[in-house]
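Next come the chains, spelled out residue by residue.
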Amino acid sequence: MVSFEMNDRKKIGLGLTGFGVFFSFLGIIFFFDKGLIAMGNILFFSGVALTIGLKSSLQFFMKRSNYKGTASFGAGFFFVVIGWPILGMILEAYGFIVLFSGFWPTLSVFLQKIPILGWIFQQPFVRSFFDRYRGKRVPV
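Presented here is a report on the structure given in the accompanying data block.

Reading guide: rules and limits
- Residues numbered from 1 in each chain as written.
- Predicted model: local features only at pLDDT ≥ 70, side-chain atom pairs only at ≥ 80, totals over all residues.
- Heavy atoms only, no water.
- 1 Å grid on protein atoms, 1.4 Å probe; cavity = no way out; pocket = protein on both sides within 12 Å on 5 of 7 lines; lining within 4 Å.
- Points joined across faces, edges and corners; volume = space filled by probe spheres on them.
- Helix = DSSP H or I, 4+ residues; strand = E, 2+ residues; numbered from the N terminus.
- Nonpolar A, V, L, I, M, F, W, Y, C, P; charged D, E, K, R; others polar.
- Phe/Tyr/Trp six-rings, centres within 6.5 Å; stacked < 30°, edge-to-face > 60°.
- Buried < 20%, exposed > 50% of the residue type's maximum accessible area, 1.4 Å probe, protein only.
- Patch = residues over 30% accessible without salt bridge, like charges linked within 9 Å, V, L, I, M, F, W, Y side chains within 5 Å.
- Areas by Shrake-Rupley, 256 points an atom, 1.4 Å probe, with all protein chains shown as cover.
- Salt bridge = Lys/Arg side-chain N within 4 Å of Asp/Glu carboxyl O.
- Axes fitted to C-alpha atoms, helices over the stretch in contact; angles between N-to-C directions.
- Parallel < 35°, antiparallel > 145°, perpendicular 65-115°, else oblique.
- Left-handed = near helix turned anticlockwise from the far one by under 90°.
- Contact = heavy atoms within 4.5 Å.
- Arc of directions from axis to C-beta.

Let's talk about the layout of surface pockets
The rolling of a water-molecule-sized probe over the atoms marks out the regions of remaining empty space. Roughly 250 Å³ of internal volume is contained in the second largest pocket. Together, 14 residues line the second largest pocket, and S24, F73, M89, E92 and F96 are the ones closest to its centre. Secondary-structure elements contributing two or more residues to the lining of the second largest pocket are α1 (8-29), α2 (34-52) and α5 (85-100). Residue composition of the lining of the second largest pocket, by class: nine nonpolar, four polar and one charged.

Regarding the packing of aromatic side chains
Tallied over the entire structure, the rule returns 14 aromatic pairs. Geometrically, the ring pair formed by F60 and F103 is tilted, given 5.8 Å between the ring centres and 50° between the ring planes. Taken as a pair, F60 in helix α3 (residues 54-61) and F103 in the loop between α5 and α6 (104-112) lie far apart in primary sequence, 43 residues in all. F60 gets classed as buried once you look at its relative accessible area, which sits at 13%.

Concerning a nonpolar patch on the surface
Together, F78, V81, I82, W84 and L87 make up an exposed nonpolar region whose accessible area comes to about 490 Å². Tallying contributions element by element places helix α4 (residues 67-82) first for the nonpolar patch, with three residues. You can see I82 is positioned in helix α4.

Here's the deal with the packing of α2 against α5
Between α2 and α5, the shortest axis-to-axis distance is 11 Å and the interhelical angle comes to 25°. Taken together, the axis directions place α2 and α5 in an arrangement best described as roughly parallel. Pair α2 / α5 crosses with left-handed handedness. Across the interface between the two elements, K34, I37, N41 and F44 of α2 pack against P85, M89, E92, F96 and F100 of α5.

Quick word on α6
The set of residues buried in α6 consists of P105, S108, V109, L111 and Q112. When α6 is viewed along its axis, its buried side chains cluster within an angular range of 165° and face the same direction.

Focus: the side chain of S72
Tracing the backbone shows S72 in helix α4. Assessed through its relative accessible area of 8%, S72 is described here as buried. With residues near it in sequence (within four places) discarded, S72 still touches L91, E92, Y94 and G95.

So, the side chain of S24
Take S24: it is sitting in helix α1. With residues near it in sequence (within four places) discarded, S24 still touches L36, I37, G40 and N41.

Here it is, written out as C-alpha cells:
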C-alpha cells in the first residue's frame, strides 16, 4: 500500500503551491499584474517540486505526453515575465489544462468522499459525469 506520510518538505510544498495559486489569483484580480502573476508561477512551480519531489516533477513535466502542456506553460510564463500577462495567462491556462487533465478522475473520487460536499457529487446527474472518467486514474 502506498504511504501518504506528510513530512515537513511536503507541508512546505503544499503551502508554496497554495500561495502560488493565491498570488496568481491576485494578479488576475488586479488587472493582470505581471509581478504578482510571475511570483505566483514561481511559487507554484517550487511548491509542486517540493511536494512530489524534484525527480518526480522533472519526470512529470518532461513526459512525452506532457510536452505540449509544458511548452505552453513555459511560453506563458515567458510572456508574463516580458510584460504580456494576458497572452501569458491564456497560454498558461491551456498548458495547465493539458498537464493536469489526467488528475481529474482522482480529484472526482476525492470530492465524492468529502462528508457534506460529497453528497452533492454523489447525485445521479453529477455521478454519471464522473463515472465517464473513473477508469482513467493517474498515479502521482
